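Examination of the molecular architecture
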Amino acid sequence: MWVTGFWALISHWRRKPLQLLTLVTGLALATALWSGVQAINAQARASYDAAARSLGEVQLPQLIAQQGDSFDQGLYIALRRAGWQVSPVLEGRLDIAGQSYRLVGVDPLTAPEGMVPVAPAAAPDLTGFFTPPGQIFAAPETAGKLNGLATPVLVSDALAPGLLLSDIGIAQTLLNQPNRLSRLLVLPDQPRVQAPLTDIAPTLQLRAPQSGSDIAALTESFLLNLTAFGLLSFAVGLFIVHGAIGLAFEQRRAVFRTLRALGLPLHVLVTLIALELLALALLAGAIGMVLGYGIAAALLPDVAATLRGLYGAEVSGTLSLRASWWGAGMAIAVLGTAVAAAGAIWRVIRLPLLTPAQPRAWARAGEDRLWVLCAAAAALCALALAAWLLGTGLIAAFVLLGALLVAAALMLPVLLHLLLGLAAGLARGPLAQWFWADTRQQLPGLSLALMALLLALAANIGVSTMVSSFRLTFTGWLDQRLVSELYVTAGSDTQGSDLQAFLTPRADAVLPIWHLRTRVAGLPAQIYGVADHPTYRQNWPLLDAAPNAWDRVASGSGVLINEQLARRQALWVGDAIDLPGGWRADIAGVYSDYGNPEAQVLIGIAPLLRRYPQVEKRQFGVRIAPDLAPGLARALRDDFGLPADSIVDQAAIKAMSLQVFERTFTVTAALNVLTLSIAGFAILTSLLTLAAIRQPQLAPVWVLGLTRRRLAMLELARALMLALLTVLAAIPVGLLLAWLLLAVVNVEAFGWRLPMYLFPWDWIRLSALSLLAAVLAALWPARKLASTPPADLLKVFANER
Amino acid sequence: METKTQLLTLTDLHKSYPAETGRVAILRGIGFALSRGETVALSGESGSGKSTLLHLIGGLDQADSGHILIEGTDLTGLNDAGRAHLRRSRIGVVFQQFNLIPSLNAADNLAFQARLAGVHDAGWCAVLADRLGLSDHLRKYPEQLSGGQQQRVAIGRALAPRPALVLADEPTGNLDEATGDAVLALMLDLVAETGAGLLMVTHSSRLAARLDRTLHLSAGKLV
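Everything quoted here is computed from the prediction, not taken from an experiment.

Basis of the calculations
- Counting starts from 1 at the beginning of each chain's written sequence and moves along it residue by residue.
- Naming scheme: in the order in which they are written, chains are lettered from A and ligands are numbered from 1.
- Selection of residues for local features in this predicted model requires a pLDDT of at least 70, selection of side-chain atom pairs for listing and counting requires 80 or more, and totals for whole chains, interfaces and linings are taken over all residues.
- Starting at the N terminus, helices and strands are each numbered in turn, a helix being any DSSP run of H or I of at least four residues and a strand any DSSP run of E of at least two.
- Distance between backbone-placed C-beta atoms decides contact: two residues are in contact if it is within 7 Å.
- Whether a residue is buried, exposed or partly exposed follows from its count of other C-beta atoms within 10 Å of its own C-beta, namely 20 or more, 12 or fewer, or something in between, respectively; the C-beta atoms are built from the backbone.
- For this scheme, ten residues count as nonpolar: Ala, Val, Leu, Ile, Met, Phe, Trp, Tyr, Cys and Pro. Four count as charged, namely Asp, Glu, Lys and Arg, and the remainder, Gly too, count as polar.
- A pair of strands counts as paired when DSSP detects no fewer than two bridges linking them.
- Core membership is restricted to buried Ala, Val, Leu, Ile, Met, Phe, Trp, Tyr and Cys residues, and these are joined into a nonpolar core through C-beta atoms within 7 Å.
- Every angle, taken between N-to-C directions, lies between 0 and 180 degrees, and every axis is a line fitted to C-alpha atoms, over only the stretch in contact when it is a helix.
- Think of the arc as the fan of directions from the helix axis to the C-beta atoms.
- For any helix crossing, the convention is left-handed if the near helix is rotated counterclockwise from the far helix by under a right angle, and right-handed if that rotation is clockwise.
- A score between 0 and 100, pLDDT records how confident the predictor is in each residue.

What follows concerns the overall build of chain A. Across its full length, chain A carries 24 helices and 20 strands. Partitioning the contacts of chain A with sequence separation of at least 6, the portion at a separation of at least 24 is 81%.

Printed below as a string of structure tokens:
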């Protein structure tokens, strides 16, 4: 019974391969997009983890040279003899086959645990690591490029791409820096009594651990947006799968009834359907995973480049397959199918055995269904409202976003039904009346595909608006914030004072940017002192300010705080804030501070020195004519002896930021096209399926005097008109999505809110693309209709049909 | 009173359906018996409850009260799985709309219920196909068959598991008169050969006259 029943069920697909293709393709595309984005995210995260592990050194305090990039190895020996638990590191760039790699040399005997990936399987003999010619560890994709290197290369998954790790002695040889060190890592366990650093190594200075979290925050922001996009795409895919499964079930409704009438028990039928769907989900899921891998592999280089720009560290440009990714992808395919099929299976369970078989009964569903959609949309809006009013945090923000989007999609058929009814009422002439009435009748069958299109377009408009707004805001903000042509950092306060003296006669203005790290309102924070200079008064991006804000900052009667601190502590202009040292300061203004996860307070330089005299006096902004800036930078390096990485060129930062955004756009544009393609595919499949049952409706009109070609043209016009109405509905939904991403999700995730800009040309371009997709999707069914043999149409009027 | 040769016994059967004005009684105290090998026509005007009665006997619907005994098994006491088992193994159903499975060819459709019941007999199916004049059409799919051919496949499907009872709901209703007569003749011959009982709903007194006896249903009662 089981085998016979299953065979009868799946025989449907043998006779209707196009339907099978639709179902499998829909599910595969949905899985592909989701898994592709997830693969990119997973790869990026894995690369960060590798980088964080192999560069665990940044979590430790370090001893570095006060002047220059390196120092003599003798200092290390002196410190060890004095009881300092330190581990030496030498770092430099190594050119191999025309490519530059970052080589880090470490001492495996003193390095912190986990820093050296010396696993027994990889290097059974530790002596091989530090005995010439030594060994170099590298990530798999990096190791493959290190041909012609005399030193043996060992592969380690724990290392970030582009990073080479060797014994310090080997590194000194390879970098041609004998007896030189870049820094000493100060290990956690130190003796209780220690000789002061100034006694043993006065030319070294202690540097606190670097958090690196500002970069991580930006990266998280990028990945979060990608994840949101992936989920939206999957939601679009779910609509398609839901539609495909619904159609497949409806077309077999009579078969289900016959099977039951012939004695197949309900529980057997439902189990067989579930097994069939599981098999299809696994097949489509596997295809989707392969496609997703392709998408990820194609997009990853751009994502990697984007993140490299943001993060500074390497992200692998090639994918590595992870079992968890495969597992999650297949699970999402199966779960997605289950969710999409739940309603259809429920209808099978409730299927009345005796009602005359009416295929596509749901497609002819009347206004009752619209009321159900309205009720579901209202419930989702209520959920969104609850999330908005009562929820906090990122999950509430995403609930709000998801609920509103799905509610908008559910309301689309209702809106179209009303509009088409209005058009039918206004129509004059029999053909126009038939056209509108017939379109209204087709609506239930097309509504799922149109909902998918709406979601795709809304996601497209929303994410594009967000990214474009971010770019516009961020670059504008950079222009305001990075006004000084050069930013220089001294190695010590003494050098800072020398630097100021060196710069003053050579620049238009030397602006101290001195700061201390502390805690404000319980949060990690930076307090910056800035000079009273037009540079700030004219350019600093203030979101809100009291009158004479800068005067109050300069005099010490007011401070400025960044947006993150303002939002987290609900402190705004007119409030007061407690600062270290028992200082309760009035807030004179709030400024935007994108990319910084920490609280920040800006005060005048004089109040800073008065209240916090211990502050490090090392960083300066230099105002100079832009064409003179490169010469001054050169002089700072050559004449003053400042290391190159202590001088930051404003133009270089801006160029890098713009490059990052261009890469981001490439990724977003690619995902947009993919999502839109999926929605176009949904329209195609719906139209094809509808075409098969349209003959009884079209044949009478043909008999009454319309040519098949004219009918086909009307079908095309119908698809175009419905797509246009969907586009028009999608624009406000997309803008709502963008607003939610910018004003709610960003605030919840990162503490800053971005202004929203509108890009009407993008909408026009997108509308044109969508209409093109709709026409292309409708072309095939229309062509089929135009070439339908008259005999087939006449069958409608015969009993034999 | 059930005897050894009695196949089907109905006792005080009631069935009603909900309507806007309350429940509408469709069957009101139906009772009759049908013996093995007997052919009975069920006639009556539209809405008299003929099809409802047939569906209740086939286990496709449930009665409000009363009993339906098929070979001594009370159908009204069975759950969905029990009714399904009885249906596939002991009852053959022929519908007016043929209700073939469009994705299976004629041969597979013909053998389908017998396979489902686990009593498939290839030799018997071949005999049925031959007797029904389908031997040359077994590879064809339903859409490639005429209405008369489709109904002959449906009759073969109903008889393939050698059921005790065949229920036919206007089996010739979708066929022209000549084809309908031929199909009915075949069905009666085959039912007689298998020794099954036949209960056939029909509007036609001409067709009803070809069966052993006729039950007339009016406003939910046998008259």
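Helices and strands together make up the secondary structure of chain B, namely seven helices and ten strands. Put simply, chain B has 223 residues, and 48% of those count as buried. Within chain B, residue pairs in contact and separated by at least 24 positions form 72% of the contacts whose partners lie at least 6 positions apart.

Across the contact, 23 residues belong to chain A and 26 residues belong to chain B. Counting residues per element, the ones that place at least two in the side of chain A that touches chain B are α1 (2-15), α9 (253-261) and α10 (266-311) of chain A. Here the element with the most residues in the side of chain A that touches chain B is α1(A); it accounts for seven residues. For the side of chain A that touches chain B, the per-class residue count stands at twelve nonpolar, eight polar and three charged.

Here we come to the pairing of strand β1 (residues 6-19) of chain B. Residue and element names in this part refer to chain B. In this sheet, strand β2 (residues 22-35) lies alongside β1 in antiparallel orientation, the contact comprising eleven bridges. Of the residues in β2, the one forming a bridge with Pro-18 is Arg-23. Hairpin connection of β1 to β2: two residues between the antiparallel strands. Where β1 and strand β4 (residues 65-70) come together, five bridges link them in antiparallel fashion. From the neighbouring strand, Thr-11 faces β4, where its bridge partner is His-67.

For the rest of this paragraph, the subject is the nonpolar core. All names here are of chain A. Ranked by size, the top nonpolar core spans 196 residues in total, and within it Ala-452, Leu-453, Leu-454, Leu-455 and Ala-458 carry the most contacts. Looking at this core element by element, the count peaks at 22 residues for helix α14 (residues 430-481). Once residues lying within four places of it in the same chain are set aside, the contact partners of Leu-454 are Ala-408, Ala-409, Leu-412, Thr-726, Ala-729, Ala-730 and Val-733. Within the second largest apolar cluster, 46 residues are counted, among which are Tyr-536, Ala-588, Val-601 and Ile-647.

Residues and elements named next belong to chain B. Strand order in the open sheet formed by six strands is β6-β7-β8-β3-β9-β10, and the pairing between neighbours is mixed. Bordering the open sheet on either side are β6 (91-94) and β10 (221-222), each of which pairs with just one other strand. One ladder, built from four bridges, connects strand β3 (residues 39-44) with strand β8 (residues 197-201); its direction is parallel. Bridge assignment links Leu-42 to a residue of β8, and that residue is Val-201. Taken strand by strand, helix α5 (residues 147-159) contacts β6 and β7 (165-169), and its axis lies near 170 degrees from that of β6.

Here we come to helix α15 (residues 493-503) of chain A. Residue and element names in this part refer to chain A. Inspection of α15 places Gln-495, Gly-496, Leu-499 and Leu-503 among the buried residues, and these make up the whole buried set. Across the axial projection of α15, the buried residues extend over an arc of 105 degrees, all falling on one side. Every exposed residue of α15 that faces more than 90 degrees away from the buried side is listed here: Thr-494 and Ala-501. For α15, the secondary structure elements touched by its buried residues are β11 (486-489), β12 (509-520) and β19 (619-623).

Residues and elements named next belong to chain B. One open sheet holds the four strands; their spatial order is β2-β1-β4-β5, and the pairing between them is antiparallel. Each edge of the open sheet carries a strand with a single partner, namely β2 and β5 (73-74). In this sheet, β5 lies alongside β4 in antiparallel orientation, the contact comprising two bridges. By the bridge assignment for β5, Leu-69 is matched with Asp-74.

Our next topic: the environment of Asn672(A). Its location among the elements puts Asn672(A) in helix α21 (residues 650-703). Residues in contact with Asn672(A), not counting those within four places in the same chain, are Asn460(A) and Ser464(A).

To continue, consider helix α20 (residues 629-638) of chain A. All names here are of chain A. Those residues of α20 not exposed but buried are Ala-629, Leu-632, Ala-633 and Leu-636. Viewed end-on, α20 has its buried residues packed into an arc of 100 degrees, placing them on one side of the element. Across α20 from its buried face, at more than 90 degrees, point the exposed residues Gly-631, Arg-634 and Asp-638. The inward-facing, buried residues of α20 abut β11, β19 and β20 (647-649).

Before going further, it helps to spend a moment on the packing of helix α3 (residues 106-117) of chain B against helix α4 (residues 122-131) of chain B. Residue and element names in this part refer to chain B. Interaxial distance between α3 and α4 falls to 10 Å at its minimum, and their mutual angle equals 145 degrees. Like other packed secondary-structure pairs, α3 and α4 cross with a definite hand, here right-handed. Contacts between α3 and α4 involve Leu-110, Ala-111 and Ala-114 from the first element and Cys-125, Leu-128 and Ala-129 from the second. Partitioning the contact of α3 with α4 into residue classes produces six nonpolar, no polar and no charged.

This brings us to unusual backbone geometry. Notably, Asn176(A) is not glycine yet its phi reads approximately 55 degrees, a positive angle. Exposure remark for Asn176(A): the 9 C-beta atoms within 10 Å place this residue in the exposed category. Positive phi, close to 45 degrees, is recorded for Asp12(B), a residue that is not glycine. Along the chain, the position of Asp12(B) falls in strand β1. Given 12 C-beta atoms within a 10 Å radius, Asp12(B) is considered exposed.

Once that is clear, we can look at the confidence of the model for chain A. Residues and elements named next belong to chain A. Averaged over chain A, the pLDDT score is 79; the fraction of residues at 70 or greater is 83%. For residues 211-215, every residue scores under 50 in pLDDT, and the model assigns this stretch eight contacts once sequence neighbours within four places are set aside. The low-confidence segment residues 356-365, where pLDDT is below 50, has 19 contacts with residues more than four positions distant or belonging to other chains.

On average, residues of chain B carry a pLDDT of 87, and 98% of them reach 70 or more. For this predicted complex, the interface confidence score (ipTM) comes to 0.74, while the overall pTM stands at 0.61.

The geometry of a pair of packed helices is captured by two quantities: the angle between their axes and the separation between those axes. All names here are of chain B. It is at 6 Å that the axes of α3 and α5 come closest, and there the two elements cross at 30 degrees. Crossing of α3 over α5 shows right-handed handedness. Counted together, Ala-106, Asn-109, Leu-110, Phe-112 and Gln-113 of α3 and Val-153, Gly-156 and Arg-157 of α5 form the full contact between these two elements. Taken together, the residues of the contact of α3 with α5 break down into four nonpolar, three polar and one charged.

By the secondary structure assignment, Gln697(A) is in helix α21. Sequence spacing of Gln697(A) and Asp438(A) is 259 residues, and the spatial spacing of their C-alpha atoms is 8.4 Å.

On to the environment of Leu138(B). Residues and elements named next belong to chain B. Note that Leu-138 resides in the loop between α4 and α5. A sequence separation of 30 residues divides Leu-138 from Asp-108, and the C-alpha atoms of the two residues are 8.1 Å apart. Sequence-distant contacts of Leu-138, that is, excluding residues within four places in its chain, are made with Asn-105, Ala-106, Ala-107 and Ala-129.

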